[in-house]
Amino acid sequence: MKSIYSLPPHNFLGIEEFCDFEKSKFVIIPVPFDSTTIGNCRDAPQEILKASREIELFDLESKEEPYKKGIYTMEEIEPVYASSENAIERIKEVVEDVIEKRKVPILIGGEHTITLASALAFQKDIFFINLDAHADLRDEYQGSKINYACVGRRIYEINKNLIEIGVRSISKEEFEFAKSNKIKIYFKQDMEKIGLENTMKEIVKEIKGKKVYLTIDIDCLDPSIGPGTGSPEPNGLTWNEILFILKEITKNSKVVGFDLVEVSPLPENKITEFLAAKLIYKLIAMI
Ligand SMILES: [Mn+2]
């Protein structure tokens, strides 16, 4: 039974059925860590879980009820505010444990820095795809190396198979770093020129049959549909565009885990939390 109010169970979709850990294919890991970012991401995991109760369980596209694949929601990972390194270490251990049990981890942030924990937990033979308005390739930001603006760079140091999609804001330093290291960035402006289908054809060539970890910064979407985020950038992806991108990726590769980060709930509406929850459910339907 689906409950629509704030009664237990406090899990993704607010359902009791198919939520047994052993039987679940997916494990939701709420990570309320936001020490370095702009905005208020620490409330996002709980707000996204709350919003997920409003989602229709039947997926019109697949004509299925994807929750039947089994979705287990873990307790929140208690954040370590004193040290980002320690926070990442704690998250990494949880992700490692979920991977070992052969389940698909889904991290709900929290700020983008948490993806570093997944990069450390996964083996090197996978591709990291970052959907983001920003390149996040700075070597250092505000005197620190472990933060949301540097997370792409840290991932790249661990795993060279990094692809970025939808970027429309980048510093000169990041641009030159990406160019000299041949990091594949699909800038939004270039995607518009060659078209989304051709863009995805190029990406699919790279990832065909490979293992992929997806990280979705909510600011990859247009701020008009996802206003609750710390660094909104104009000219983002539409809902249909991101669904097409995710469909092409999931159809052609094996998605072994993903995260959704940088939602910063607004007091005036729940649009962004609902968008995030729905996107997670759509991705579950595709995997
Ligand atoms: Mn980001």
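That block above? That's the structure.
As a starting point, this report considers the structure included with it. This structure is a prediction, so every number in the text was calculated from the model and none was measured.

What counts as what
Residues numbered from 1 in each chain as written. Predicted model: local features only at pLDDT ≥ 70, side-chain atom pairs only at ≥ 80, totals over all residues. Helix = DSSP H or I, 4+ residues; strand = E, 2+ residues; numbered from the N terminus. Rg over C-alpha atoms; globule rule 2.2 N^0.38 Å. Buried ≥ 20, exposed ≤ 12 C-beta atoms within 10 Å, placed from the backbone. Contact = placed C-beta atoms within 7 Å. Pairing = 2+ DSSP bridges. Axes fitted to C-alpha atoms, helices over the stretch in contact; angles between N-to-C directions. Parallel < 35°, antiparallel > 145°, perpendicular 65-115°, else oblique. Nonpolar A, V, L, I, M, F, W, Y, C, P; charged D, E, K, R; others polar. Left-handed = near helix turned anticlockwise from the far one by under 90°. Expected span 1.5 Å × (residues − 1). Core = buried A, V, L, I, M, F, W, Y, C linked by C-beta atoms within 7 Å.

## Regarding the overall build of the protein chain
- The helix and strand inventory of the protein chain stands at 9 helices and 8 strands.
- At 17 Å, the protein chain has a C-alpha radius of gyration in line with the 19 Å of a compact globule built from 287 residues.
- The principal-axis extents of the C-alpha atoms in the protein chain amount to approximately 55 × 45 × 40 Å.
- Out of the 287 residues belonging to the protein chain, those deemed buried represent 47%.

## Quick notes on helix H1 (residues 44-52)
- Of all the 9 residues making up H1, 7 are buried; the element is thus mostly covered by neighbouring parts of the structure.
- Buried residues of H1: Ala44, Pro45, Glu47, Ile48, Leu49, Ala51 and Ser52, and no others.
- Elements in contact with the buried residues of H1: strand E1 (26-31), strand E2 (71-73), strand E3 (104-109) and helix H9 (271-286).

## Looking at the sheet that holds strand E8 (residues 254-261)
- Pairing within the open sheet is parallel, and its 8 strands lie in the order E2-E1-E3-E8-E7-E4-E5-E6. Two strands bound the open sheet, and with one partner strand each, they are E2 and strand E6 (184-187). When strand polarity is set aside, the average angle formed by the axes of neighbouring strands in this sheet is 15°.
- Direction of pairing for strand E4 (residues 126-131) relative to strand E5 (residues 162-167): parallel, over a ladder of 4 bridges. Bridge assignment links isoleucine 129 to a residue of E5, and that residue is isoleucine 163.

## Examining the pairing of E4
- Among the 6 residues in E4, 6 count as buried, and that is most of the element.
- Burial along E4 is two-sided: the residues Ile126, Phe128 and Asn130 and Phe127, Ile129 and Leu131 are all buried.
- Here E4 runs beside strand E7 (residues 211-217); their pairing, made up of 6 bridges, is parallel. Considered in E7, the bridge of isoleucine 129 is made with leucine 214.

## Quick notes on the packing of H1 against H9
- Interhelical geometry of H1 versus H9 gives an angle of 70° and a closest axis separation of 8 Å. When the axes of H1 and H9 are compared, the pair comes out roughly perpendicular. Contact residues: H1 offers Glu47, Ile48, Ala51 and Ser52, while H9 offers Glu273, Phe274, Ala276 and Ala277.
- Of the residues contributing to the contact of H1 with H9, the split by class is 5 nonpolar, 1 polar and 2 charged.

## Overview of unusual backbone geometry
- Along the chain, glycine 109 connects to glycine 110 via a cis peptide bond; the corresponding omega equals 10°.
- One non-glycine residue with positive phi stands out, namely asparagine 235, at about 60°.
- Take asparagine 235: it is sitting in the loop between E7 and helix H8 (239-252).
- Asparagine 235 sits in the partly exposed class, given 13 other C-beta atoms within 10 Å.
- In this structure, glutamate 262 takes a positive phi of about 70° despite not being glycine.
- Counting through the fold element by element, glutamate 262 comes out in the loop between E8 and H9.
- Overall, the presence of 33 C-beta atoms within 10 Å leaves glutamate 262 in the buried class.

## Remarks on the packing of H8 against H9
- Running from N to C, H8 and H9 cross one another at 30°; their axes reach a closest spacing of 10 Å. Taken as axis vectors, H8 and H9 run roughly parallel relative to one another. In this structure, H8 meets H9 at a crossing whose hand is right-handed. Facing Leu243, Leu246, Lys247 and Thr250 of H8, the residues of H9 in contact are Lys282, Leu283 and Met286.

## Details of H9
- Taking 1.5 Å of rise per residue, 16 residues should cover 22 Å, and H9 covers 22 Å from first to last C-alpha, within 8% of that figure.
- Within H9 the residues assigned to the buried category are Thr272, Glu273, Leu275, Ala276, Ala277, Leu279, Ile280, Tyr281, Lys282, Leu283 and Ile284.

## Some points on the nonpolar core
- Core analysis: the largest hydrophobic core is formed by 83 residues, its most contacted members being Ile28, Ile29, Ile106, Val212, Ala276 and Ile280.
- Ranked by residue count, the leading element in this core is H9, at 8 residues.
- Setting aside residues no more than four positions away along its own chain, isoleucine 29 makes contact with Met74, Ile77, Val94, Val95, Val98, Pro105, Ile106, Leu107 and Ile108.

## Some words on the environment of arginine 42
- Looking at the secondary structure, you find arginine 42 in the loop between E1 and H1.
- Not counting residues up to four positions away in its chain, the partners in contact with arginine 42 are Pro32, Phe33, Asp34 and Pro79.

## Focus: the pairing of E3
- Summarising burial for E3: 6 of the 6 residues are buried, a large majority.
- Here E3 shows a buried face lined by Val104, Ile106 and Ile108 and a second buried face lined by Pro105, Leu107 and Gly109.
- With 6 bridges joining them, E1 and E3 adopt parallel strand pairing. Paired with valine 27 across the two strands is proline 105, which belongs to E3.
- With 3 bridges joining them, E3 and E8 adopt parallel strand pairing. By the bridge assignment for E8, isoleucine 106 is matched with phenylalanine 258.

These figures capture arrangement, not role.
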